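Take a look at the letters that make up each chain.
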Amino acid sequence: MKKHEQLLNMLEEAGASPVSGEEISRMLNVSRTAVWKHVNKLRELGYVIEASPRLGYTLASKPDKLDADDLSGAIRTKVFGRRLQLLDTTVSTQGDAMRLAEQGAPEGTLVVSEEQTGGRGRQGRKFFSPSGKGVWMSVILRPQQPLQYTPQLTLLAGVAVCRAVRRVADVEAFIKWPNDLLVDGRKVCGILLESAVEDQRIRYCIAGIGIDVNLDAGDYPDELRPIATSLKEASGTPVDRTALIAAVMEELEGLYTLYSQEGFKPIGVLWEALSAIVGRQVSVRDNGQPVEGTAEGLDASGALLVRRSDGSLATIFSGDIQINQ
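A quick note: this is a predicted structure, and the numbers were derived from the prediction, not measured.

(A) Representation of the overall build of the chain. In terms of helices and strands, the chain carries nine helices and 14 strands. With the C-alpha coordinates aligned to their principal axes, the bounding extent of the chain is approximately 75 × 45 × 35 Å. Sequence-distant contacts, at least 24 apart, represent 61% of the contacts inside the chain between residues at least 6 apart. Total accessible area on the chain is roughly 16,000 Å²; 47% of this is exposed by carbon and sulfur atoms. Considering the chain, the positive charge centre built from 37 side chains and the negative charge centre built from 42 side chains are found 2 Å apart.

As C-alpha cells, then:
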C-alpha cells in the first residue's frame, strides 16, 4: 500500500479527531516534509483535508467517486455505454478506447476515467483532467458512411452533450463551432473525434468528451481561469456525474440513430438552435487566411458559413473561431 493510501486510512479511522503530523510521521516512517507531500497528494485526488497548526490533520470530505455498478444501472441505452470500462487514472481515455477498438470492441463501448494525466484536445493541446472533478470519457463509434462526412459526427456529439448538460445541470450551455461547449461565455467542455481509416473507409471513430463538472475556480491552472468554468460554478451546486454520463449516452444514442436514418439535416437544425455563434461576428483562419464576418449557420455538409462584410460567403471546414461580439 502506498504511503498516501496509508495516510488516508489513518485519517478515516480517526474520524473527526485530528491526527498530528508527528504521529503520521512515526506511523508512516517518513519525515514531516514527506507527510506534507502525502497530504497534498490526497488533496490532488479530491480529498479535503483540514490542517491545524497545533492539532494536526482532519479528513473533512471525500471526493465524489464514480461506481461501475451505479453507472451501469443509470445508463438506460441499448448500445451506447452498455459495455463500460471505468478507470481510476489513465494517460488518455482516447488511447484506451483506440486499443479496445483495435481489439474488436463493439460500437458504443465506453471508457471513463476519474483522471487523465495526458488528456488531449484538438491540435495536440493538453486537456486539463483532474481527479474526481469532471467527466473524462471516450466512446467507440463504427459508422457506416463515406469518410468525408466524418466531421459531422463531431457536431452530432456536441449537440448530444449540450442537450445532456442542459437537462442534468440546468444551465444554458451553447456550442462553439466545431467542438466546444460554452457556459456564460467560458469553455465547459471539449470534444475530440479521431478516426482510423483504411482504404478510404472508416474502421472506427473515437469520440472523446471532457466536461468540467465539479471543479472550483481554484482547481484550474492560472492560464485557464479566465477562459474555463465548470457546471458547478455555473449552476451554484455540485452536479451528479453519474447522471450526466448516463444522459450523454442517451442523447448520443438517440441522435446517432436519427443521423443514420435521416442524415445530417435534422442534426444541423438542432446544432444551429444551440449555437453560440450563429448571428454573431466571428474571426477564423481558413487555410492560413483570416476570415471575418457574421456566422450564418451550417451548410449541408456541416461546414460553417460566414458572411463577409462585402456580402461574399466563406465556407469554413476547420479552424479556431473567435467571437468578436
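Next comes the rest of the write-up.
(B) Spatial organisation of unusual backbone geometry. In this chain, tryptophan 177 is followed by proline 178 through a cis amide linkage whose omega measures 0 degrees. For proline 178, the position within the fold is in the loop between β6 (173–176) and β7 (180–183). Despite not being glycine, aspartate 170 has its phi angle at roughly 55 degrees, a positive value. Topologically, aspartate 170 is positioned in the loop between α6 (151–169) and β6.

(C) Here's a closer look at the environment of glycine 302. Tracing the backbone through its elements, the reader meets glycine 302 in the loop between β11 (289–298) and β12 (304–307). Look at glycine 302 and you get buried, because its relative accessible area is 7%. Counting along the chain gives 121 residues from glycine 302 to leucine 181, while the straight-line C-alpha distance between them is 17 Å. Not counting the four nearest positions on each side in its chain, glycine 302 is found in contact with Leu155, Trp177 and Phe264.

(D) Here's a closer look at the pattern of salt bridges. Summed over all chains, the structure comprises 13 salt bridges. Across the pair arginine 167 and glutamate 250 runs a salt bridge, and its minimum N-O distance is 3.6 Å. Taken as a pair, arginine 167 in helix α6 and glutamate 250 in helix α8 (residues 241–262) lie far apart in primary sequence, 83 residues in all. Overall, the relative accessible area of 28% leaves glutamate 250 in the partly exposed class. The salt bridge involving arginine 225 is made with aspartate 222; its shortest N-O contact spans 3.4 Å. Given the relative accessible area of 57%, aspartate 222 is considered exposed. Through salt bridges with shared partners, one network takes in Arg163, Arg167, Glu250 and Glu251.

(E) Structural context of helix α2 (residues 21–28). Buried within α2 we find Gly21, Ile24, Ser25 and Leu28. What you see down the axis of α2 is that its buried residues fit within an arc of 100 degrees, all on one side. In this structure, α2 carries Glu22 and Arg26 as exposed residues pointing more than 90 degrees from its buried face. Directly after α2, the chain includes asparagine 29, whose backbone phi takes a positive value near 60 degrees.

(F) Summary view of the side chain of threonine 154. Among the secondary structure elements, threonine 154 is positioned in helix α6. With residues near it in sequence (within four places) discarded, threonine 154 still touches Pro178, Asn179 and Leu193.

(G) Structural context of the sheet that holds strand β3 (residues 84–87). Strand order in the open sheet made by the seven strands is β3-β4-β5-β9-β8-β7-β6, with mixed pairing throughout. Each edge of the open sheet is held by one strand with a lone partner, namely β3 and β6. In this sheet, neighbouring strand axes are inclined to one another by 20 degrees on average, regardless of whether the strands run parallel or antiparallel. Across four bridges, the pairing between β3 and strand β4 (residues 110–113) is parallel. Following the sheet pairing, leucine 87 is matched in β4 by serine 113. Against the sheet, α6 engages β5 (134–141), β6, β7, β8 (186–198) and β9 (201–212), with an angle of about 165 degrees to β6.

(H) Main features of the packing of aromatic side chains. Scanning all chains against the criterion turns up three aromatic pairs. An angle of 65 degrees between the planes, with centres 5.3 Å apart, marks the rings of phenylalanine 80 and tyrosine 256 as edge-to-face. Of this pair, phenylalanine 80 sits in the loop between α4 (68–74) and β3 while tyrosine 256 is found in helix α8, placing the two residues 176 residues apart along the sequence. Here phenylalanine 80 and tyrosine 256 have matching classes, each one buried. With centroids separated by 6.1 Å and ring planes inclined at 45 degrees, the aromatic side chains of phenylalanine 128 and tyrosine 220 adopt a geometry described as tilted. Separated by 92 residues along the polypeptide, phenylalanine 128 in the loop between β4 and β5 and tyrosine 220 in the loop between β9 and α7 (231–235) bring together distant segments of the chain. Look at phenylalanine 128 and you get partly exposed, because its relative accessible area is 26%. Looking at arginine 166, its charged tip hangs above the ring of phenylalanine 174, at a distance of 4.8 Å from the centre.

(I) Molecular detail of helix α1 (residues 3–14). Given a rise of 1.5 Å per residue, 12 residues ought to cover 16 Å, and the 17 Å separating the end C-alpha atoms of α1 matches this to within 8%. Of the positions making up α1, those classed as buried are His4, Leu7, Leu8, Met10 and Leu11. Projected onto a plane normal to the axis of α1, the buried residues spread over an arc of 160 degrees and lie on a single side. Taken together, the buried residues of α1 touch α2, α3 (32–44), β1 (48–52) and β2 (56–61).

Procedures and definitions
- Residues numbered from 1 in each chain as written.
- Predicted model: local features only at pLDDT ≥ 70, side-chain atom pairs only at ≥ 80, totals over all residues.
- Heavy atoms only, no water.
- Helix = DSSP H or I, 4+ residues; strand = E, 2+ residues; numbered from the N terminus.
- Contact = heavy atoms within 4.5 Å.
- Areas by Shrake-Rupley, 256 points an atom, 1.4 Å probe, with all protein chains shown as cover.
- Lys, Arg positive; Asp, Glu negative; His and termini not counted.
- Charge placed at Lys NZ, Arg CZ, Asp CG, Glu CD.
- Buried < 20%, exposed > 50% of the residue type's maximum accessible area, 1.4 Å probe, protein only.
- Salt bridge = Lys/Arg side-chain N within 4 Å of Asp/Glu carboxyl O.
- Arc of directions from axis to C-beta.
- Pairing = 2+ DSSP bridges.
- Axes fitted to C-alpha atoms, helices over the stretch in contact; angles between N-to-C directions.
- Phe/Tyr/Trp six-rings, centres within 6.5 Å; stacked < 30°, edge-to-face > 60°.
- Lys NZ or Arg CZ within 6 Å of the ring centre and 35° of its normal.
- Expected span 1.5 Å × (residues − 1).

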